[in-house]
Amino acid sequence: MTAQGTSTPKNKKVLHQSILGSRRLSNYAWATIISMGASGFLLAGLSSYLQVNLIPFSNPTELIFVPQGLVMGLYGSAGLLLSLYLWLVILWDVGGGYNEFSYETGVAKVFRWGFPGKNRQIDLTYPLEDIQAVGVIIKEGLNPQRKIYLRVKGKGNIPLTRVGQPMSLSDLENQAAELARFLEVPLEGL
């Protein structure tokens, strides 16, 4: 969650925070690595079946098709399906979006991209006067969580941070404090 601009609430009427979705460097790296590895396995399996060397740096024609070539082809096919899924998620930018808080319109808007279909866009809009607090959840351990959320009257807690790698404690504190100052509501959980 990246806040753009640092002016005080009195001078600023709109706070816009961009949210990084699936278009992060690690997803590009994993999709590329899996695509290359799966292609190698599939080509090795096909080479073993066709008895034609399709890989220039190896000779998979020496593999016996059943079971070695067949298993390599199946692993390659499964890997290519996984990499296709990763590339599509990156293309669709699942989880990406923004949070916007505007005194001009009196509205807080939480927007995220989802998977194509009926609910492709997740667009939540709340009046600023319904926001009761900005909260922080910090859980350490095996599965650490560091989240910022809005407590909205009659709606419960609305998460604002991205899914994935937890942000640093200092970033979490700064962003939560900036948002609470901007909205002029209490900050909970710190």
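Scroll up for the structure.
A brief report on the enclosed structure follows. Each chain has its residues counted from 1, running along the sequence as written. Two thresholds apply to this predicted model, a pLDDT of at least 70 for residue-level local features and 80 or more for giving and counting side-chain atom pairs, whereas whole-chain, interface and lining totals are computed over all residues. Hydrogens and waters are ignored; side-chain quantities use all the structure's heavy atoms.

Some words on a nonpolar patch on the surface
Moving on, step 1. The patches described consist of residues with a relative accessible area above 30% and no salt bridge, like charges being joined within 9 Å and nonpolar side chains (Val, Leu, Ile, Met, Phe, Trp, Tyr) within 5 Å. Residue-level accessible areas treat just the shown protein chains as cover; the underlying method is Shrake-Rupley with a 1.4 Å probe. Within this document, salt bridges are pairs made up of a side-chain nitrogen of Lys or Arg and a carboxyl oxygen of Asp or Glu, the two lying within 4 Å of each other. A grouping of Leu43, Leu46, Tyr49, Leu50, Val52 and Leu54 is seen on the molecular surface, where their side chains present a nonpolar patch of about 520 Å² in accessible area.
Moving on, step 2. For helices the rule is a DSSP run of H or I covering at least 4 residues; for strands it is a run of E covering at least 2, with both sets numbered from the N terminus onward. Within the secondary structure layout, Leu43 lies in helix H1 (residues 25-50).

Some remarks on the pairing of strand E3 (residues 97-102)
Moving on, step 1. A pair of strands is treated as paired once DSSP finds two or more bridges between them. Where strand E2 (residues 14-19) meets E3, 6 bridges bridge the pair, whose relative direction is antiparallel. Pairing of Ser18 across the sheet is with Tyr98, part of E3.
Moving on, step 2. Across 6 bridges, E3 lies against strand E4 (residues 107-113) in antiparallel orientation. Of the residues in E4, the one forming a bridge with Tyr98 is Phe111.
Moving on, step 3. Joining the antiparallel neighbours E3 and E4 is a turn of 4 residues, in which Gly106 adopts a positive phi near 75 degrees.

Some points on the side chain of Asp93
Moving on, step 1. By secondary structure assignment, the location of Asp93 is in the loop between helix H2 (65-92) and E3.
Moving on, step 2. Look at Asp93: it is buried, it has no salt bridge, and the nearest opposite charge is Arg23 at 4.2 Å.
Moving on, step 3. Setting aside residues up to four positions removed in sequence, Asp93 forms contacts with Gly21, Ser22, Arg23 and Trp113. Here the term buried applies to any residue with accessible area under 20% of the maximum for its type, exposed to any over 50%, and partly exposed to those in between, with areas from a 1.4 Å probe on protein chains only. Only four residue types enter the tally: Lys and Arg on the positive side, Asp and Glu on the negative side; His and the chain ends are excluded. Contacts between residues were defined by any pair of non-hydrogen atoms, one from each residue, lying within 4.5 Å.

Side note on the packing of aromatic side chains
Moving on, step 1. Pairing of aromatic side chains requires ring centres within 6.5 Å, counting the rings of Phe and Tyr and the six-membered ring of Trp. Pairs whose planes differ by under 30 degrees are stacked, by over 60 edge-to-face, and all others tilted. If you walk through the whole model with that rule in mind, you get 8 aromatic pairs.
Moving on, step 2. With centroids separated by 5.4 Å and ring planes inclined at 25 degrees, the aromatic side chains of Tyr98 and Phe111 adopt a geometry described as stacked. Of this pair, Tyr98 sits in strand E3 while Phe111 sits in strand E4, and the two are 13 residues apart along the sequence.
Moving on, step 3. Between the aromatic rings of Tyr103 and Phe182, the centroid separation amounts to 5.1 Å while the plane-to-plane angle is 50 degrees, which identifies the pairing as tilted. Residue Tyr103 is located in the loop between E3 and E4, and its partner Phe182 is located in helix H3 (residues 169-183); the two are separated by 79 residues in the primary sequence.

A look at the nonpolar core
Moving on, step 1. Think of a nonpolar core as a cluster: buried Ala, Val, Leu, Ile, Met, Phe, Trp, Tyr and Cys residues, connected wherever their side-chain atoms sit within 4.5 Å. Membership of the largest hydrophobic core comes to 22 residues, with the highest contact counts inside it found for Phe101, Ile131, Val134, Leu150, Leu160, Leu179 and Leu183.
Moving on, step 2. At the level of secondary structure, the elements contributing two or more residues to this core comprise E4, strand E6 (131-139), strand E7 (145-152) and H3.
Moving on, step 3. Among the elements that make up this core, the one with the highest residue count is H3 (6 residues).
Moving on, step 4. In this structure, Leu150 is in contact with Phe101, Ile131, Ala133, Val134, Gly156, Asn157, Ile158, Leu160, Leu179 and Leu183, ignoring residues within four places of it in sequence.

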